[in-house]
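Read off the chains here:
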Amino acid sequence: MNFLAALISKKYSCCIDKEISLSILLLFCLNKIFALGRGFLKTRKIVFIERHVVLKSKRQISFGKNFRISESVRLDALSQKGMVFGNNCSVGINTRIECTGSFSFLGKGFKCGDNCGLGTDCFYGCAGGIELGNDVIVGNFVSMHSENHNYSNPEIPIRLQGVNHKGIKIGNNCWIGSKATIVDGTIIGDGCIVAAGAVVTGVFPDNVIIGGVPAKVIKGRISQ
């Protein structure tokens, strides 16, 4: 019962609001018990899976302790390197992670470190590879696209010019605000904050706040 252990451990301590009734807590625990049973039936492993979850190429999905998948999530791990989650990771409601966009190119895959929370209603296109470090928080409605269309020849329709892939990498201890869009080739250093609604492309150093369309460094996080 790693989920319950995480709740009461000193490292991941939490408190429960006194306004929350015992009946709500009991329903929460019951839901987790069902999720654990559903997860074992789907994967033969200890994982919490809520209703209406779709796992494709599930032999290519690996995860650490206390992995939680919320309702209506779709994980398609068909790729070169599969889909990897560390310990204490969660995937929010209605999120979709696709490691391969089409059969013309086998995608590189998705990798997520320890203690990461992926928000609700997010999309991760991992054809060029997406890598998240440890302790990354991703807000709701965030999208990441590790693929770009080629468009240099005006005589050929863009849809026929193919695509290119550079990949996306996000460092440790980052917070990605809601509705941010992160495009192919982006590298974000450790300890960064991406403002809500930002459109991010390029390379960013450690410990900065990033925002805007297109995004730029607004200021450093750490006072000098």
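The present account deals with the structure reproduced in this document. (Residues numbered from 1 in each chain as written. Predicted model: local features only at pLDDT ≥ 70, side-chain atom pairs only at ≥ 80, totals over all residues. Heavy atoms only, no water.)

### Concerning the side chain of Ser 143
The condition that has to hold: What counts as a helix is a DSSP run of H or I of at least four residues, what counts as a strand is a run of E of at least two, and both are numbered from the N terminus. Here a polar contact is recorded for every N or O atom pair within 3.5 Å, except that within protein the pair must consist of a potential hydrogen donor and a potential acceptor, and residues adjacent in sequence are included only if both atoms are side-chain atoms. By definition, residues are in contact when any of their heavy atoms lie within 4.5 Å.
Tracing the chain through its elements places Ser 143 in strand β14 (residues 143–145). Within the local environment of Ser 143, its side chain forms a polar contact with the side chain of Thr 181, the two groups lying 3.5 Å apart. The contact partners of Ser 143, leaving out residues within four places of it in the chain, are Phe 123, Ala 180, Thr 181 and Ile 182.

### Quick word on the environment of Ala 215
Here Ala 215 lies in the loop between β24 (208–211) and β25 (216–220). In this structure the C-alpha to C-alpha distance between Ala 215 and Ala 195, which are 20 residues apart in sequence, comes to 8.8 Å. When neighbours within four sequence positions are excluded, Ala 215 is seen to be in contact with Ala 198, Val 199, Val 200, Phe 204 and Ile 210.

### A look at the nonpolar core
The nonpolar side chains of a soluble globular protein tend to be buried, and buried together. Counted only if it meets this: Definition of nonpolar core: a set of buried residues of the types Ala, Val, Leu, Ile, Met, Phe, Trp, Tyr and Cys, connected through side-chain atoms within 4.5 Å. Only protein chains enter the accessibility calculation, which uses a 1.4 Å probe; a residue whose area is less than 20% of its type maximum is buried, one above 50% is exposed, and one in between is partly exposed.
One finds Phe 85, Phe 110, Tyr 124, Leu 132, Val 138, Met 144 and Ile 188 to be the most contacted residues of the largest nonpolar core, which totals 44 residues. At the level of secondary structure, the elements contributing two or more residues to this core comprise β6 (83–85), β9 (110–112), β12 (130–132), β17 (168–170) and β24. Other than its neighbours up to four places away in sequence, Phe 85 contacts Ser 62, Phe 63, Gly 64, Phe 67, Val 91, Ile 97, Phe 110, Cys 112 and Leu 118.

### Some words on a positive patch on the surface
Spelled out, the test is: Excluding any residue in a salt bridge, patches collect residues exceeding 30% relative accessible area, merging like charges within 9 Å and nonpolar Val, Leu, Ile, Met, Phe, Trp and Tyr side chains within 5 Å. Shrake-Rupley sampling with a 1.4 Å probe provides the accessible areas, and residues are treated as covered by the protein chains on show and by no other component. Just to be clear on terms, a salt bridge is a Lys or Arg side-chain nitrogen sitting within 4 Å of an Asp or Glu carboxyl oxygen. Counting rule for charge: Lys and Arg are taken as positive, Asp and Glu as negative, and neither His nor the chain ends is counted. Where a charge lies is defined by one atom per residue type, namely NZ (Lys), CZ (Arg), CG (Asp) and CD (Glu).
A cluster of basic residues, Lys 81, Lys 108, Lys 111 and Lys 169, forms a positive patch at the surface. Following the sequence through the fold, Lys 108 ends up in the loop between β8 (96–98) and β9. For Lys 108, a relative accessible area of 32% puts it in the partly exposed group.

### Overview of the sheet that holds β25
This is how the line gets drawn: Pairing between strands is defined by DSSP: at least two bridges between them are needed.
Across the sheet, nine strands lie side by side as β1-β4-β7-β10-β13-β18-β21-β24-β25; this open sheet has mixed pairing. Two strands bound the open sheet, and with one partner strand each, they are β1 (48–49) and β25. Of the strand pairs in this sheet, strand β7 (residues 90–91) and strand β10 (residues 117–118) are connected by two bridges, and their pairing is parallel. Pairing of Val 91 across the sheet is with Leu 118, part of β10.

### Focus on the packing of aromatic side chains
So the rule is basically this: When two rings of Phe, Tyr or Trp (its six-membered ring) have centres within 6.5 Å they constitute a pair, described as stacked for plane angles under 30 degrees, edge-to-face for angles over 60, and tilted for the intermediate range. To sit over a ring, a charge needs its Lys NZ or Arg CZ within 6 Å of the ring centre and within 35 degrees of the ring normal.
Counting across every chain of the model gives four aromatic pairs. Residues Phe 85 and Phe 110 carry aromatic rings whose centres are separated by 5.4 Å and whose planes lie at 45 degrees to one another, so their mutual orientation is tilted. Here Phe 85, found in strand β6, pairs with Phe 110, found in strand β9; they are 25 residues apart in sequence, far enough to count as distant. Joined through ring pairs, the aromatic side chains of Phe 63, Phe 67, Phe 85, Phe 110 and Tyr 124 make up one cluster. Directly above the aromatic system of Phe 63 lies the positively charged group of Lys 45, at a separation of 5.6 Å from the ring centroid. Note that Lys 179 overlies the ring of Phe 141, its terminal NZ or CZ placed 5.9 Å from the centroid.

### Some thoughts on helix α2 (residues 22–43)
Filter applied, for reference: Expected span of a helix: the number of residues minus one, times 1.5 Å. Directions drawn from the helix axis to the C-beta atoms are what define this arc.
The end-to-end C-alpha distance of α2, which contains 22 residues, comes to 31 Å, matching closely the 32 Å that a straight helix rising 1.5 Å per residue would cover. Listing the buried residues of α2 in full gives Lys 32, Ala 35, Leu 36, Gly 39 and Thr 43. Buried residues in α2, looked at end-on, bunch into an arc of 105 degrees, giving them a common side. Exposed positions of α2 whose direction lies more than 90 degrees from the buried face are Leu 22, Leu 26, Leu 27, Ile 33, Phe 34 and Leu 41. Remark: Arg 44 follows α2 within two positions and exhibits a positive phi of approximately 60 degrees.

### Quick notes on the side chain of Thr 186
On the secondary structure map, Thr 186 appears in the loop between β19 (181–183) and β20 (187–188). Engagement of the side chain of Thr 186 in a polar contact is seen with the backbone oxygen of Val 183, the distance being 2.8 Å. Side-chain polar atoms of Thr 186 contact the backbone oxygen of Val 200, separated by 3.1 Å.

### Quick look at the environment of Asn 148
Structurally, Asn 148 can be placed in strand β15 (residues 148–149). Asn 148 sits 15 residues away from Gly 133 along the chain, and the two C-alpha atoms are 23 Å apart. For Asn 148, the contacting residues outside a window of four places in its chain are Gly 162, Val 163, Asn 164 and Asp 184.

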